[in-house]
Amino acid sequence: MMGVVISPLMGTTMPRSEIENIAREVTVLIKTPDPLKHGKFLKSGTGVIVGKKTKEANTYYILTAKHIATSSKKYKIVTPDGIERDITNAEVIEMNSTDLALLTLRTTQNYKIPSWGDSDKLTAKDTIYIYGWPSSKSLPHFTAGKFVDNRLLLSNEGYGLVYRDAQVENGMSGAPIFDYNGKLVGIHGIERGGFGVERLSLYQRGVSINSFLNDMLLLGLTAPSVTYLELCNQQNSKKEVQFVFAKNSGNNGWVTRGWFSIKPDSCRTVAIGEEYQGIVYFYAEDSDGNWGKGQQYFCVNNQAFSMINSDTVTCNGSNQRRVNMLEIKVSPGKPTTQNLTG
């Protein structure tokens, strides 16, 4: 997916006003049918233009929350230039593993696309920004919050980004979340708490852009600026393999994520992150053995997880263990492939 990308300056903290300008140029209003009045549409959510189909010059993708836009309805959207357009249910693509959906917009207009950030690099108390359309107001709303350093608490539907103090309102589900450099790092979806997690009742939650990158792969979509790792299950036992990987995420140390399944005689590609270049580590196993044993140890969880500082964290929690992983070099663009044999 390509387009006119808004590129923030590297290594800088962007002024709030500039981040708001970026948000204004890429955010759309989503309207759904009024159940009480036939033919009328109501403001119900927000979305963000995230890409342009490379082989179809007039096709854009808009990312939003799946609980706002499903493939069972028709919608109207208002693009940043104020133009209202119809979206049919055939133009809605629901993500399988997260509360995200893509709307397909076909237009002759040109729109800007935000730069994607690396949500794994957010650290405690980092400022994040959200731009959306409250249902009760005539104008969009721009608000700031603080990221909460709590990656071990995973939840349903991909809501792994936890933050607080953002003044979000109804209608802002699906709104883009930007980091302090004006890069897109997630999609807002839960105003407070969610999924019965009582001690998160003061917090808000979003789906990370990194989760969306892996959903893109399931749809057969890739981006040239994203780094991918591909593992191929070519071992003789014909059993399904599970694997994890570790990536360097700056102040968060090494972030370990897994588990990803690979069926026999097939390959599985995972997104490492936007413009990630350098070293990652991997470890894979089935019921008979493992692959990728190297010199570096990382903490993993036996269930689906994402863990910061996994090389230094005290690894004695429930279902946790240390595994030694193998180093592999990766770069943006074409996936780096590792074959699992034996």
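Description of the structure in this document. Just so you know, the residues in each chain are numbered from 1, in the order the chain's sequence is written. Confidence filtering applies because this is a predicted model: local features only for residues at pLDDT of at least 70, side-chain atom pairs given and counted only at 80 or more, and all residues used for totals across whole chains, interfaces and linings. For the side-chain quantities, the full set of heavy atoms in the structure was used; hydrogens and water were omitted.

When helices and strands are tallied, the protein chain shows 2 helices and 25 strands. Within the span of the protein chain, comprising 342 residues, buried residues form 55% of the whole. Contacts are assigned to residue pairs with any non-hydrogen atoms lying within 4.5 Å of each other. Across the protein chain, contacts joining residues at least 24 apart in sequence account for 67% of those joining residues at least 6 apart. In these tables, accessible area is a Shrake-Rupley quantity obtained with a 1.4 Å probe, and a residue counts as shielded only by the protein chains included in the view. Only carbon and sulfur atoms are counted for the fraction: they give 47% of the accessible area of the protein chain, which is about 15,300 Å². Helical segments are the DSSP runs of H or I of at least four residues, strand segments are the runs of E of at least two, and each set is numbered from the N terminus. For every residue, the accessible area (1.4 Å probe, protein chains only) is compared with the maximum for its type, and the residue is labelled buried under 20%, exposed over 50%, or partly exposed between those bounds.

Right, let's get into the sheet that holds strand β8 (residues 100-106). Here the rule is simple: two strands pair whenever DSSP picks up at least two bridges between them. Read from one edge of the open sheet, 7 strands run β6-β5-β2-β3-β4-β8-β7, paired in antiparallel fashion. At either margin of the open sheet sits one strand with a lone partner, and together these are β6 (84-87) and β7 (92-94). Recorded for the sheet is a direction-independent mean angle of 35° between the axes of neighbouring strands. In this sheet, β6 lies alongside strand β5 (residues 75-78) in antiparallel orientation, the contact comprising 4 bridges. Counted as the bridge partner of Val78 is Glu84 from β6. Think of each axis as a best-fit line through the C-alpha atoms, taken over the contacting stretch in the case of a helix, with angles from 0 to 180 degrees between the N-to-C directions. Most of the contacts of helix α1 (residues 16-26) go to strand β2 (residues 27-33), to which it runs at about 45°, and overall it touches β2 and β3 (41-52).

A few words on the pairing of β8. A regular strand carries its side chains on alternate faces of the sheet. By the criterion of burial, β8 is predominantly enclosed, with 6 of the 7 residues buried. Summarising the sheet, strand β4 (residues 59-65) and β8 pair through 7 bridges and their orientation is antiparallel. Residue Ala65 lies in a different strand from β8, and its bridge partner there is Leu100. Bridge count for β7 against β8 is 3 bridges, and the pairing is antiparallel. Counterpart to Ile93 in the pairing with β8 is Leu102. Counting the residues that bridge the hairpin from β7 to β8 gives 5 residues.

In this section: the state of the cysteines. To count as a disulfide, a pair of cysteine sulfur atoms needs to be within 2.5 Å. According to the stated counting rule, one finds 2 disulfides in the structure shown. Residue pairing for Cys232: its cysteine sulfur links by disulfide to Cys267, the two sulfurs lying 2.0 Å apart. Measuring the twist about the S-S bond at about 105°, one finds the Cys232-Cys267 disulfide to be right-handed. Of the two residues, Cys232 is situated in strand β16 (residues 226-233) and Cys267 in strand β19 (residues 266-274); the sequence distance between them amounts to 35 residues. For Cys232, a relative accessible area of 4% translates into the label buried. You can call Cys267 partly exposed: its relative accessible area is 43%. A sulfur-sulfur distance of 2.1 Å marks the disulfide that ties Cys299 to Cys315. Of note, the bridge from Cys299 to Cys315 carries an S-S torsion of about 75° and is right-handed in sense. Taken together, the residues span a long stretch of sequence, with Cys299 in strand β22 (residues 296-301) and Cys315 in the loop between β23 (305-307) and β24 (320-330) at a distance of 16 residues. Taken as a pair, Cys299 and Cys315 share a single burial class, namely buried. Counting only the cysteines that form disulfides, in the order they appear in the protein chain, gives the pairing 1-2, 3-4.

Before going further, it helps to spend a moment on α1. The set of residues buried in α1 consists of Ile19, Ile22, Ala23 and Val26. The buried residues of α1 occupy an angular sector of 100° when projected down its axis, which confines them to one face. The directions from the helix axis to the C-beta atoms are what the arc is built from.

Here we come to the nonpolar core. By nonpolar core is meant a set of buried Ala, Val, Leu, Ile, Met, Phe, Trp, Tyr and Cys residues that side-chain atoms within 4.5 Å join together. Judged by nonpolar contacts, the single largest core of 31 residues is most densely connected at Leu229, Leu231, Met325 and Leu340. Looking at this core, the elements that each hand over two or more residues are β16, β17 (241-248), β18 (254-262), β19, β20 (278-285), β22, β23 and β24. By size, the runner-up hydrophobic cluster in this structure holds 30 residues, among which are Val48, Val50, Phe212 and Met216.

The next thing to look at is the packing of aromatic side chains. Classification of ring pairs rests on two measures: the distance between centres of Phe, Tyr or Trp rings, Trp counted by its six-membered ring, which must be within 6.5 Å, and the angle between planes, read as stacked under 30 degrees, edge-to-face over 60 and tilted in between. This model, assessed by the stated rule, comprises 10 aromatic pairs. Here Tyr129 and Phe142 contribute two aromatic rings whose centre-to-centre distance is 5.5 Å and whose plane-to-plane angle is 5°, an arrangement assigned as stacked. Here Phe142 lies in strand β11 (residues 141-147) and Tyr129 lies in strand β10 (residues 127-132), a separation of 13 residues in the sequence. Assigned by exposure class, Tyr129 and Phe142 land together as buried. Their ring planes at 50° and their centres at 5.1 Å tell us that Tyr281 and Phe298 sit as a pair that is tilted. Remark: Phe298 occurs in strand β22 and Tyr281 occurs in strand β20; sequence separation between them is 17 residues. According to the relative accessible area criterion, Tyr281 is buried, its value standing at 11%.

Locating Ile177 in the fold gives a position in strand β13 (residues 176-178). Ile177 sits 10 residues away from Ile187 along the chain, and the two C-alpha atoms are 5.5 Å apart. With residues near it in sequence (within four places) discarded, Ile177 still touches Ile128, Tyr129, Ile130, Leu161, Tyr163, Lys183, Leu184, Val185, Gly186, Ile187, His188 and Gly206.

Ordered in space as β19-β16-β25, the 3 strands form an open sheet in which the pairing is mixed. The sheet terminates laterally at β19 and β25 (336-340), the two strands that pair on one side only. Strand-to-strand twist of the sheet, defined as the mean angle between neighbouring strand axes without regard to direction, takes the value 20°.

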